[in-house]
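Each chain, written out:
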Amino acid sequence: MKETRADVEQMRAADADRQKVADQLKIALDEGRLSLQEYDDRVRLAYASKTYQELLLLVTDLPRPGLNATEVTARRQAEKRKAARRLPTALLVLWTIWAAFTVVNLVVFGLVSATTDGGIYPWPIWLVVPGAALGVVTVGVQAIRSRR
């Protein structure tokens, strides 16, 4: 049985887990991300935590230790660019339909060609037209999304 994130978060934390979170909070204090009061409050809550979920809540707003603000901003921008490059679901569906239709037509054409004496019109070539149109739409959508 595979455990989900929710299942793991409800599991009881060990002393070593609490210590790791306290160490991460100390690094955040040293980097100036937390005030001394916030650090004290969070460390107290870390050692009082019983589950991973309670521990995770204490560090979710903190970047990985050692990252500066410029690196955090650069990573966020990279994630936004990556999300913009991903095809929208509608285009993925259309490409999947076009690919399946193309494969079926090529298989049928191959079978017909193999079982007859040749001279068959290569009708699968017409599948290039909707493929090209879909390609143009995809490039346009991606260009628009990348400008945002």
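Before any of the text, the structure's been laid out above.
Conventions we followed
Residues numbered from 1 in each chain as written. Predicted model: local features only at pLDDT ≥ 70, side-chain atom pairs only at ≥ 80, totals over all residues. Heavy atoms only, no water. Helix = DSSP H or I, 4+ residues; strand = E, 2+ residues; numbered from the N terminus. Buried < 20%, exposed > 50% of the residue type's maximum accessible area, 1.4 Å probe, protein only. Contact = heavy atoms within 4.5 Å. Areas by Shrake-Rupley, 256 points an atom, 1.4 Å probe, with all protein chains shown as cover. Patch = residues over 30% accessible without salt bridge, like charges linked within 9 Å, V, L, I, M, F, W, Y side chains within 5 Å. Salt bridge = Lys/Arg side-chain N within 4 Å of Asp/Glu carboxyl O. Axes fitted to C-alpha atoms, helices over the stretch in contact; angles between N-to-C directions. Parallel < 35°, antiparallel > 145°, perpendicular 65-115°, else oblique. Phe/Tyr/Trp six-rings, centres within 6.5 Å; stacked < 30°, edge-to-face > 60°.

Draft legend 1. The arrangement of the overall build of the chain in detail. If you tally the helices and strands in the chain, you get seven helices and zero strands. Along the chain direction, N to C, the helices and strands of the chain fall in the order α-α-α-α-α-α-α. Counting the 148 residues in the chain, one finds 22% classified as buried. Within the chain, contacts between residues at least 6 apart in sequence are counted, and of these 65% link residues at least 24 apart. Total accessible area computed for the chain in this model is approximately 10,900 Å², and 63% of it derives from carbon and sulfur atoms.

Draft legend 2. Quick peek at the side chain of Arg 18. Relative to the elements of secondary structure, Arg 18 occurs in helix H2 (residues 15-30). Those residues in contact with Arg 18, other than ones at most four positions away along the chain, are Ala 13, Ala 46, Tyr 47, Ser 49, Lys 50 and Leu 55.

Draft legend 3. Fine view of the environment of Ala 28. Within the fold, Ala 28 resides in helix H2. What makes Ala 28 buried here is its relative accessible area of 4%. Sequence separation of Ala 28 and Tyr 39 is eleven residues, and the distance between their C-alpha atoms is 8.4 Å. Every residue in contact with Ala 28, bar those within four places of it in the chain, is listed here: Arg 33, Leu 34 and Leu 62.

Draft legend 4. Expanded view of a nonpolar patch on the surface. Together, Tyr 121, Ile 125, Trp 126, Val 128 and Val 129 give the surface a local cluster of nonpolar side chains, amounting to about 560 Å² of exposed area. Within the element layout of this structure, Trp 126 appears in the loop between helix H6 (89-115) and helix H7 (128-147).

Draft legend 5. Spatial organisation of the packing of H2 against helix H3 (residues 36-48). Across the interface, H2 lies against H3 with an axial gap of 9 Å and an inter-helix angle of 175°. Between H2 and H3, the crossing angle belongs to the class labelled roughly antiparallel. Contacts between H2 and H3 involve Arg 18, Gln 19, Val 21, Ala 22, Leu 25, Lys 26 and Leu 29 from the former and Leu 36, Tyr 39, Arg 42, Val 43, Ala 46 and Tyr 47 from the latter.

Draft legend 6. Region of interest: the packing of aromatic side chains. The full count for this structure, using the stated rule, is two aromatic pairs. Pairing Trp 95 with Trp 98 gives two aromatic rings, centres 5.6 Å apart and planes at 90°, and the pair type is edge-to-face. Here the residue Trp 95 and the residue Trp 98 both occupy positions in helix H6, the gap between them amounting to three residues, near one helical turn. Judged by its relative accessible area of 25%, Trp 95 falls in the partly exposed class.

Draft legend 7. Fine view of the pattern of salt bridges. Summed over all chains, the structure comprises five salt bridges. In this structure, Asp 15 engages Arg 18 in a salt bridge whose closest nitrogen and oxygen atoms are separated by 2.8 Å. Placement of the pair is Asp 15 and Arg 18 together in helix H2, with a separation of three residues, close to one helical turn. Overall, the relative accessible area of 61% leaves Asp 15 in the exposed class. A salt bridge links Glu 31 to Arg 33; the nearest nitrogen and oxygen atoms lie 2.8 Å apart. The exposure class of Glu 31 is partly exposed, given its relative accessible area of 34%.

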